[in-house]
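These are the residues of each chain, in order.
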Amino acid sequence: MTINTLGTIRLFDDILPNKAYNVQTAELVDYGNKPSERGLGWSALDIARMVGALGQVKHRYPDLAGQVAAVMDKWHLGEMVEDGQLIGGNLADGKLRRDQEGRLGYEQYAAKAMMLFGYDMYRAYHTEEMMMVQEVQGLPIPVDTRLHRNITPAFTVSEPYIFDGLEFGFDARSIRFATAIYKAQEARFRETGILTAVSESHLDEAPYFVYASIWGGGAPWAVMTFKGERLDSKRTTTTKTAFAWDALFGTDYTRELVTALAPLGDPDRGWPEGIYEADGTTNSSVTTNTNAVVLASLAFKAHGPLIRAEP
């Protein structure tokens, strides 16, 4: 059981879950999946997502509440919150460096999860200090003024807004941001005839992961690697984004997206990442992330947001 594993994994410096584990042995590893005695540090964004999920398990399955509490009692969550911000832990030359973590969209989404457990996330939740607006397809797109990795202009992607809507339900601000981000993708299709449903996505070939942005690296529709290199040839019409926008907005365009991607589903392996825009071939990478978002989208259609008040 997942909760049993979470209760037994070794933490980074006995503080918080490491950034990476071997999925077969649950041992600490580096990004190359090689064993690591100490680990890499922690991701505040990833842990916040897990906190939100565990909170729902505790709430909806009372028989598991004790196990969830035991897991979370081992995690020193206060170490990743400072002055209302999310703080990640990163090793640099063997020393732990504490860095503010999160950019517009991701930061506010993760803050909501932490606020459910009483953490004051006043700086992470607010956007005024770090937001500018860029026009894309005639729509006002929210963009973070801070840099990605302190090098490249930050990326605006669909992912955090999709998560926010499916899991928490939109608030007055996130519905405006998400609507503009969705409508820009529909407008691109209306202008070019190219089905557009973009977000961060895995690839079935090197470099294996990119951010397909609405605005990124200082330009609209840029596809960027983690290091900030441009790679527009790998833009993918993503399965998860199509299903999620259809669940959240349910327009003629979202139904067209789902219809185009539906034949890719495999009963044995699940849904692949999507279709490469450049040549129409399948991006055959199969990930838990994509399939989880598809399931969350179907659950949203049936029941509404994951985190909701009981009737």
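A brief look at the structure comes next. (Residues numbered from 1 in each chain as written. Predicted model: local features only at pLDDT ≥ 70, side-chain atom pairs only at ≥ 80, totals over all residues. Heavy atoms only, no water.)

### Quick word on the overall build of the protein
Selection rule: In this description a helix means any DSSP run of H or I spanning at least four residues, a strand means any run of E spanning at least two, and both kinds are numbered starting from the N terminus. Using C-alpha atoms as the atom set, the radius of gyration is obtained and then compared with a globule rule of 2.2 Å times the number of residues to the power 0.38. Note on definitions: a residue-residue contact is assigned when non-hydrogen atoms from the two residues lie within 4.5 Å. Surface exposure here means Shrake-Rupley accessible area, sampled with a 1.4 Å probe, where a residue is shielded only by the protein chains that are shown. Residues scored as positive are Lys and Arg, those scored as negative are Asp and Glu, and His as well as the terminal groups of each chain are ignored. Here the site of a charge means atom NZ of a Lys, CZ of an Arg, CG of an Asp or CD of a Glu.
Secondary structure assignment for the protein yields 10 helices and 16 strands. Its C-alpha atoms give the protein a radius of gyration of 19 Å, near enough to 19 Å, the size a compact globule of 311 residues would have. Summarising its shape, the C-alpha atoms of the protein cover approximately 50 × 45 × 40 Å along the three principal directions. Looking at the protein alone, contacts between residues at least 24 apart form 60% of all its contacts between residues at least 6 apart. Put simply, the protein shows about 14,700 Å² of open surface, and 54% of that area lies on carbon and sulfur atoms. Across the protein, the mean location of the 30 positive side-chain charges is 1 Å away from that of the 40 negative side-chain charges.

### Things to note about the sheet that holds strand 14 (residues 236–238)
Formally: Two strands qualify as a pair provided DSSP detects at least 2 bridges between them. Every angle, taken between N-to-C directions, lies between 0 and 180 degrees, and every axis is a line fitted to C-alpha atoms, over only the stretch in contact when it is a helix.
Spatially, the 3 strands line up as an open sheet ordered 14-15-16, and their pairing is antiparallel. What marks the edges here is a single partner per strand, and that holds for strand 14 and strand 16 (282–286). On average, each strand axis in the sheet is inclined to that of its neighbour by 30°, with strand direction left out of account. Note: strand 14 against strand 15 (residues 272–276), 3 bridges, orientation antiparallel. Note on strand 15: the bridge partner recorded for Thr237 is Ile275.

### Topic: the sheet that holds strand 10 (residues 209–212)
In space, the 3 strands of this open sheet follow the order 9-10-13, with antiparallel pairing throughout. Only two strands of the sheet have a single neighbouring strand rather than two, namely strand 9 (200–202) and strand 13 (223–224). Across 3 bridges, the pairing between strand 9 and strand 10 is antiparallel. Among the inter-strand pairings, Glu200 is bridged to a residue of strand 10, identified as Tyr211.

### As for the pattern of salt bridges
Side-chain pairs of opposite charge can arise whenever the charged atoms involved come near each other. Just so we agree on the cut-off: Any Lys or Arg side-chain nitrogen located within 4 Å of an Asp or Glu carboxyl oxygen qualifies as a salt bridge.
In total, this model carries 22 salt bridges according to the counting rule given. A salt bridge links Glu273 to Lys240; the nearest nitrogen and oxygen atoms lie 3.9 Å apart. Taken together, the residues Glu273 in strand 15 and Lys240 in helix 8 (residues 239–249) connect sequence positions 33 residues apart. One network of salt bridges, in which partners are shared, links Arg188, Arg230, Asp232, Arg235 and Glu277.

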